[in-house]
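A look at the structure
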Amino acid sequence: MTATAPQPEHLDVVIVGAGLSGIGAAYRLQTECPGRSYAVLEAREAMGGTWDLFRYPGIRSDSDMFTLGYPFKPWREAKSIADGPSILSYIRRTAAEHGIDERIRYRTKVVSADFSTRTARWTLTLDVRDEAGRSEQRTLTCDFLYTCAGYYDYDQGHDPVFPGVESFGGTVVHPQFWPEDLDYRDKRVVVVGSGATAVTLVPSMAEDAARVTMLQRSPTWISPVPGRDRIADGIRAVLPADLAHRLLRAKNIAFTTGFYQFCRRWPNAARKLLTRLSTRVLKDPEAVREHFTPSYRPWDQRLCAVPDADLFRAIRGGRAEVVTDHIESFVPEGIRLRSGRVLEADVVVTATGLRLLAFGGIAPHVDGRPVELSEQFVWRGAMLTGIPNFAMCIGYTNASWTLRADLSSRLVCKILQLMDRHGYAAVVPEPDRKLAERPLLDLDSGYVRRSIDAFPRQGHRWPWRMRQNYPLDAMATLRGDFAGDLSVTPRSAVRGAGAMEAAG
């Protein structure tokens, strides 16, 4: 008698990534689709995603925690713009309170994912490492695959080649891989870049460094915001936590949505407003014109928020400066600029941005054939043409990531409920007519331009367009009828195919 090979473990749903999005997805799944088996696969050794990986000084959110936090978990800390450790603690508490931490499988990386249209199942090949670093491959099957790994490459950042960098006598650091033992106290520091990471690093490092210089090729729109929401303090003092959280969430959603629309519709007025705010804090109109007045319109690239104007205060206090110029080359004592000036440095931090990577590096296959992602369209910001029983979680670019992430997770639950009600084994979105292609992310930032061609596309009309409008998306996701956009496979057809496979 011939022994049969053991069948791989099977789950109803697999969630990839145990960061802010993955924990939220697990909560929605076990709350709105109770009884479904699931696991959260995390390639790293800890939950938290971005908030556990990045350890550079001053790391913080650039969105308020009433919208970056979960709608089902009130934010109780004093600061609305929170630091990284506080956010990580919040994620861990949420996972523990709802038993999600018991569903996470650490050191488990999905190396391949193949959907069979005959069995309506995903077969996942996993690289599983033990605590000693030894790895083995395992196989897992599931009915639905939901990737919550974001769109950044966490294994490597964007690290341009600088001429002469090997001659530099100091230390070069990338924020994504911050050394725990880096000592910059009383040192001269140059931070190359002007995005969210740079504007966070500069005021934080300026507290201990001898001097910090932010070197940028061109200015970025930067807006001072309160680190603590006084209105929130008043509301939370008189109302129960859940009700206060809902009200503050609605208030901040209305403000961020309104401000974004203001910037897009009246860019010249927005430019004047942001310039006026920066001048009021920095008290140096010439410096604002030279270093904080970009040529692009507000929100063509993501707006950088600085809580309590800490960047401007560091500059005003003489602990930091901004230089707008181009790097000609590194030299032993620092960086020589095109203008001829040499920025002397002991430490150079290359805050030059991240790389984009779809689905955490998972390359989906269907029936053994790779799916060309650049030829697919995104439906309702979550599911893709050409890939059945699959969803991705991508947040907003103009507001808190979690706002769209939570909508995507609730959409996945609605899809699963629809499949149960109608006896569908597989669903995949299909447009009823031709779509005009647009990039997935509507930003002109360098990190987007470098990699976006490898990502799926969005269309020119809803539900194939990635709207940057939470109120509209919430109504469409939570109340809309979307069955007509889906091509379906009934369970009876799959059972028949499975029986023929077995007979063969």
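The rules we used
- Residues numbered from 1 in each chain as written.
- Predicted model: local features only at pLDDT ≥ 70, side-chain atom pairs only at ≥ 80, totals over all residues.
- Heavy atoms only, no water.
- Helix = DSSP H or I, 4+ residues; strand = E, 2+ residues; numbered from the N terminus.
- Rg over C-alpha atoms; globule rule 2.2 N^0.38 Å.
- Buried < 20%, exposed > 50% of the residue type's maximum accessible area, 1.4 Å probe, protein only.
- Contact = heavy atoms within 4.5 Å.
- Areas by Shrake-Rupley, 256 points an atom, 1.4 Å probe, with all protein chains shown as cover.
- Patch = residues over 30% accessible without salt bridge, like charges linked within 9 Å, V, L, I, M, F, W, Y side chains within 5 Å.
- Salt bridge = Lys/Arg side-chain N within 4 Å of Asp/Glu carboxyl O.
- Lys, Arg positive; Asp, Glu negative; His and termini not counted.
- Charge placed at Lys NZ, Arg CZ, Asp CG, Glu CD.
- Pairing = 2+ DSSP bridges.
- Axes fitted to C-alpha atoms, helices over the stretch in contact; angles between N-to-C directions.
- Polar contact = N/O pair within 3.5 Å; in protein donor to acceptor, adjacent residues only side chain to side chain.
- Phe/Tyr/Trp six-rings, centres within 6.5 Å; stacked < 30°, edge-to-face > 60°.
- Core = buried A, V, L, I, M, F, W, Y, C linked by side-chain atoms within 4.5 Å.

Considering the overall build of the chain
Of the regular secondary structure elements, the chain holds 14 helices and 25 strands. On C-alpha atoms alone, the chain measures out to a radius of gyration of 24 Å, which is about the 23 Å that the 2.2 N^0.38 rule sets for 504 residues. Dimensions along the principal axes, computed over C-alpha positions, put the chain at roughly 80 × 50 × 45 Å. By residue count, 54% of the 504 residues in the chain fall in the buried class. Long-range contacts, defined as pairs at least 24 residues apart, comprise 71% of the intrachain contacts of the chain with a sequence gap of at least 6. Split by element, the accessible area of the chain, about 22,700 Å² in all, is 49% carbon and sulfur.

Focus on a positive patch on the surface
Together, Lys272, Arg276, Arg280, Lys283 and Arg316 line one region of the surface with positive charge. The dominant element in the positive patch, judged by the number of residues it contributes, is helix α8 (residues 267–282), at 3 residues. Position of arginine 280 relative to the elements: it lies in helix α8. Take arginine 280: its relative accessible area is 54%, and that puts it in the exposed class.

Quick word on the pairing of strand β16 (residues 347–350)
The two faces of β16 match: Val347 and Val349 on one face and Val348 and Thr350 on the other face are all buried. In this structure, strand β7 (residues 171–173) lies alongside β16, joined through 3 bridges in parallel fashion. Considered in β16, the bridge of threonine 171 is made with valine 347.

Observations concerning the sheet that holds strand β12 (residues 320–324)
If you trace the 5 strands from one edge of the open sheet to the other, you get β7-β16-β8-β9-β12, paired in parallel fashion. Only two strands of the sheet have a single neighbouring strand rather than two, namely β7 and β12. The average angle at which neighbouring strand axes cross in this sheet is 20 degrees, direction not considered. Sheet topology note: the strand β8 (residues 188–192)/β16 ladder contains 4 bridges and is parallel. Residue pairing in the sheet places valine 191 in a bridge with valine 349 of β16. Relative to strand β9 (residues 211–216), helix α5 (residues 196–206) is tilted by about 165 degrees, and along the sheet it contacts β8, β9, β12 and β16.

A word on unusual backbone geometry
The omega torsion across tryptophan 462 and proline 463 is 10 degrees, close enough to zero to call that bond cis. Looking at the element boundaries, proline 463 is found in the loop between β24 (457–458) and α13 (470–479). The phi torsion at aspartate 308 lies on the positive side, around 55 degrees, for a residue other than glycine. Structurally, aspartate 308 can be placed in the loop between β11 (304–307) and α10 (310–316). Not every positive phi belongs to a glycine, and arginine 380 is a case in point at roughly 55 degrees. With respect to the element layout, arginine 380 can be found in the loop between β19 (378–379) and β20 (383–384).

Let's talk about the environment of threonine 117
Tracing the sequence through the fold places threonine 117 in the loop between β4 (108–116) and β5 (121–129). When its relative accessible area of 39% is taken as the criterion, threonine 117 is described as partly exposed. Ignoring any residue separated from it by four or fewer positions in sequence, one finds threonine 117 in contact with Val366 and Asp367. Side chain to side chain, threonine 117 and aspartate 367 meet in a polar contact 2.7 Å long.

Description of the packing of aromatic side chains
Within the structure shown, the criterion is met by 16 aromatic pairs. Between the aromatic rings of phenylalanine 162 and phenylalanine 330, the centroid separation amounts to 5.5 Å while the plane-to-plane angle is 45 degrees, which identifies the pairing as tilted. Separated by 168 residues along the polypeptide, phenylalanine 162 in the loop between β6 (135–147) and β7 and phenylalanine 330 in strand β13 (residues 327–331) bring together distant segments of the chain. Where phenylalanine 359 meets phenylalanine 390, the ring centres are 5.1 Å apart and the plane angle is 70 degrees; that geometry is what we call edge-to-face. Of this pair, phenylalanine 359 sits in the loop between β16 and β17 (364–366) while phenylalanine 390 is found in strand β21 (residues 390–392), placing the two residues 31 residues apart along the sequence. Overall, the relative accessible area of 0% leaves phenylalanine 390 in the buried class.

Quick notes on the environment of asparagine 252
By the element assignment, asparagine 252 lies in helix α7 (residues 241–265). Between the C-alpha atoms of asparagine 252 and methionine 466, which are 214 residues apart in sequence, the distance is 21 Å. Beyond its immediate sequence surroundings of up to four residues, asparagine 252 is in contact with Asp64, Phe66, Thr67 and Asp229.

Focus on the nonpolar core
Grouped together as the largest cluster of nonpolar side chains are 90 residues, with contacts concentrated most on Ile15, Val191 and Ile415. Looking at this core, the element that brings in the most residues is helix α11 (residues 401–422), giving 8 residues. Aside from chain neighbours lying at most four places away, what touches isoleucine 15 is Gly22, Ala25, Ala26, Leu29, Tyr38, Ala39, Val40, Leu41, Tyr146 and Cys148. Ranked by size, the runner-up nonpolar core spans 37 residues in total, among them Val14, Leu126, Phe390 and Met466.

Examining the side chain of threonine 67
Summarising the element assignment, threonine 67 is placed in helix α3 (residues 65–68). In terms of polar contacts, threonine 67 uses its side chain to reach the side chain of aspartate 64, at 2.9 Å. Here serine 400 takes part through its side chain, which lies 2.5 Å from a polar atom of the side chain of threonine 67. Those residues within four positions of threonine 67 in sequence are excluded, and the remaining contacts are Arg249, Asn252, Ile253, Ser400, Thr402 and Leu403.

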